Protein chains: 2
Amino acid sequence: MTDIPDLEAIRQAHRRIAPYIHRTPVMTSRLVDEWAAASVFCKCENLQRAGAFKIRGATNAVMCLDDDALSRGVATHSSGNHGAALSLAAGFRGAPAYIVMPETASKAKLTAVEGYGGRIIHCGSEPTDRQRVLERVLADTGARLVHPFDDYRVIAGQGTTALELLDQVPDLDMILVPVGGGGLISGIALALGHVRPAVRVIGVEPRGVDDAYRSFRAGRIIPVPDGGSIADGLLTTVGARTFDIISRRVDDIVTVEESEIVEAMRFIWTRMKLVVEPSAAVPMAGLLAGKVDASGGRVGVVFSGGNVDLDQLPWR
Amino acid sequence: MTDIPDLEAIRQAHRRIAPYIHRTPVMTSRLVDEWAAASVFCKCENLQRAGAFKIRGATNAVMCLDDDALSRGVATHSSGNHGAALSLAAGFRGAPAYIVMPETASKAKLTAVEGYGGRIIHCGSEPTDRQRVLERVLADTGARLVHPFDDYRVIAGQGTTALELLDQVPDLDMILVPVGGGGLISGIALALGHVRPAVRVIGVEPRGVDDAYRSFRAGRIIPVPDGGSIADGLLTTVGARTFDIISRRVDDIVTVEESEIVEAMRFIWTRMKLVVEPSAAVPMAGLLAGKVDASGGRVGVVFSGGNVDLDQLPWR
C-alpha cells in the first residue's frame, strides 16, 4: 500500500483482519463520567488479542502480502507490543516473524514475543545497533519489513479501531488517543475524517516525550526529547507518514505529566477493574487532569493496551 | 423472607434489583480454555456496582423493606464488600446504613464505605466487640439488620448471578464459586437447582480457611480454622441457613493453596486484563491447579469481586 489509506482501504483492512482479532468491548463508568462531566466510552483494546491494538495493523500488513512475498517471513525491531503482535499475525499464516530486540529488553517482553512464536534476534541497546541488525536480518532472510507505525498497511489496520468504536457508539463528539509513533492516531483520524468528520480527534502524549505535541505546533518533525516516560509504548518519534496525516487530520495534541498518568492508571485499575498499561492510561489522564475540555460531550477514549509487568508497577 | 427462596423468589429478586445493578459481562479467554482443557465462561462480578456481587443481595434486602421499616435504616458488621454494598443499596432509597467496622480496618475499606454514604461505627478488633457494638447500634437506631450472608433475602439476591449467567451462557455443565460465608454459592445452587439441575455446583475454598469443605464432609458446621488466607472475603464460617442449603444443593467443595490463588490472580490480571481480588481468583485457582476435573466441559466461573488495595498486592 503506497497511498494514504482512504475509507475503502480501512474498511477492507477491517474485513481482512476481522476473523483474527477481537471486536473489543466498550466500557463505561459512572465515576469517570462524574469526574469528567462527560459521557465517556472506553474502547478496550487492552482486551484485544496479544493485549493491544497493535494486532490490527500487524495483521493487516501480513494479510496484504501474497504467499510468495510472505514465504520468507516478516521482520521488525519493536521490542514492545508490535513485536508480539507481528509474531502472532505471522503465525496466522504460518510464516516466520523475526523480531530484533535489545539484549536489555525485559524478560516479560522476550517471553511475550517467544510465546507468540516470534524468532528473537538480539541487538545492542543503541538505536543504531537496532537498525543495523534489522537491515542484516532483512538481507539474510529476505523477510519483509513491517514497521511498527510508519507503514500505510499498519495505519489502515489501526484505523479499524475507529470504525468499530463508531459502530458501537455512533454519536461521539471527540476521541482521545495516545500518541507514540502515531500509527493509531493517524489511522483513527483518517477513518473519522471520512466517516464522521465532526468528531474531534485529540492526541494525548506524556510531556517527557512530547515530540508529537512539539511537531504538531512547529509543522515539522521535532525528535522525541530525552525526558523518558513510564508510558513505554509512547517513547518513539512520529514518522514521516504518520506526522503528515497527524498534521492535517488531528485537531489537537495535549500533554500530561507522569504523576497524572500514574493516577489515571490507578483510577482505571481500581474503579473500572481493568488492567491497562501506562501508555493506555494517557488519554484518561488528559481527561481527568482537565487537559481536554470535554464537559457535557460524548468522548471516546482508547485504552490502547494492557501489557504490564506486575512486578514493575509504577506505584511500587 | 423467612423461607428458603424458591425460583420465584429469586426471579422476583432479580426484577427488584435489575434497575440498580449491572448485568455484568461474561468474558472468555483462549488461554484459559487451553490451560483448563475446557470452555470457560467468567461471570465478571468484579465489574459489578461497588465492585462485587454483594450489591445484589444487599439491594434485594433493602428493597424488601417497606418505607416504615426502612426509615430507621439498615445495619451490618461487615467491613468488606458487603458493608460498601449495603451503604450503596440503602442510598438507593435514601436510607441510612450503619456499618460496624473494627478500628483496625484498612483505610481503603473505610474510604469505600464512606464513599458510598455508609455511616461507620468503630468497634474493637475482637469478634465479640463487633457483635456487641452491632447490637447496640440496632437498639439505639432501630435500624434493620442485613446480615452479610445468613439471610434469605441476601441469598436470593446473590442467586440472581446464576439466572443472569444462564441467560448469557445457557448450556453450562458446571459452575465454580468461591465460598466464604456461603451466601453466593447457596443462592446460585438454589437457582440452578430449579432452572438447570444438571449443572454441577462446585465450591472452591482456600485451604487455610476450609470450614465449608470440612463442614460439607462432616454434615455439621465446623468453624473456620485460624489458618487465614489472602482471600480476605472468604474468612468467615458458613451460616446456619447457608450451610443447610450447601449441604443439600452443592455437589462438591474443593480447596486450593495460597500459592495457587496468587498464581490464578496473576494469570487473570496478566492474561485477561481484569482486576480481580484474591477471593475472586479462588475458583480459577481450582480450575488451573486441576482441583476440579472440567476437561471438555463448559464451565462457569464467578469472578466475585475486584476490590483490591493496589498498595498491598500479594506478590509484592
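Report follows, based on the coordinates. Nothing here was measured: the structure is a model prediction, and the numbers come from that model. (Residues numbered from 1 in each chain as written. Chains lettered and ligands numbered in written order. Predicted model: local features only at pLDDT ≥ 70, side-chain atom pairs only at ≥ 80, totals over all residues. Heavy atoms only, no water.)

1. Brief notes about the relation of the copies chain B and chain A
Worth spelling out the cut-off: To line up the copies, we fit them by least squares on C-alpha atoms, keeping just the residues with pLDDT of at least 70 in both. Contact criterion: two residues are considered in contact whenever any of their non-hydrogen atoms come within 4.5 Å of each other.
The transform that puts chain B on chain A rotates by 180 degrees and translates by 0.0 Å along the axis, for an RMSD of 0.0 Å. The operation mapping one copy onto its partner corresponds to a two-fold rotation axis. Considering only C-alpha atoms, the part of chain B nearest the rotation axis is Leu274 of chain B, at 2.5 Å. Same-surface contact between copies: 95% of interface residues of chain B are shared with the interface of chain A.

2. With respect to the nonpolar core
Put simply, the rule reads: Joining through side-chain atoms within 4.5 Å is the link that ties buried Ala, Val, Leu, Ile, Met, Phe, Trp, Tyr and Cys residues into a set, and such a set is a nonpolar core. Classification of residues uses two cut-offs on accessible area relative to the type maximum, computed with a 1.4 Å probe and protein chains only: under 20% is buried, over 50% is exposed, and between them is partly exposed.
Trp269 and Phe303 of chain A together with Trp269 and Phe303 of chain B are the most contacted members of the largest nonpolar core, which totals 84 residues. Setting aside chain neighbours within four positions, we find Trp269 of chain B in contact with Trp269, Val275 and Leu310 of chain A together with Leu274, Val275, Val276, Val308, Leu310, Leu313 and Trp315 of chain B.

3. Some details on the side chain of Thr161 of chain A
Stated precisely, the cut-off is as follows: In this text, helices come from DSSP runs of H or I with a minimum length of four residues, and strands from runs of E with a minimum of two, each type numbered from the N-terminal end.
If you trace the backbone, Thr161 of chain A turns up in helix 8 (residues 152–168). Not counting the four nearest positions on each side in its chain, Thr161 of chain A is found in contact with Lys43, Glu45, Arg56, Leu184, Ile188 and Val302 of chain A.

4. Comments concerning helix 10 (residues 211–218) of chain B
All names here are of chain B. Spelled out, the test is: For this quantity, the arc is that covered by the directions from the helix axis to the C-beta atoms.
Taken as a whole, helix 10 has its buried residues at Asp211, Ala212, Ser215 and Phe216. What you see down the axis of helix 10 is that its buried residues fit within an arc of 125 degrees, all on one side. Of the surrounding secondary structure, the elements contacted by the buried residues of helix 10 are strand 8 (200–206), helix 11 (240–249) and strand 9 (252–256).

5. Digging into the interface of chain B and chain A
The test is simple: The buried area of a pairing is the accessible area, by a 1.4 Å probe, that goes missing from both parts when the two are put together, added over both. For this document, the term salt bridge refers to a Lys or Arg side-chain nitrogen within 4 Å of an Asp or Glu carboxyl oxygen. Two N or O atoms form a polar contact when they lie within 3.5 Å of each other; inside protein one atom must be a possible hydrogen donor and the other a possible acceptor, and for residues adjacent in sequence the pair counts only when both atoms belong to side chains.
Taken together, the 22 residues of chain B in the interface contact 22 residues of chain A. Roughly 1900 Å² of surface becomes buried between chain B and chain A when both sides are summed, with 55% attributable to carbon and sulfur atoms. It is Arg30, Lys273 and Leu310 of chain B that lose the most area in chain B upon contact with chain A, and together they represent 33% of the buried surface on that side. The interface formed by chain B and chain A contains two salt bridges. Note that Asp311 of chain B and Arg266 of chain A form a salt bridge whose closest N and O atoms lie 3.1 Å from each other. Linking chain B with chain A are ten residue pairs in polar contact (both at pLDDT 80 or more). With four residues, helix 12 (residues 258–272) of chain B is the largest single contributor of residues to the side of chain B that touches chain A.

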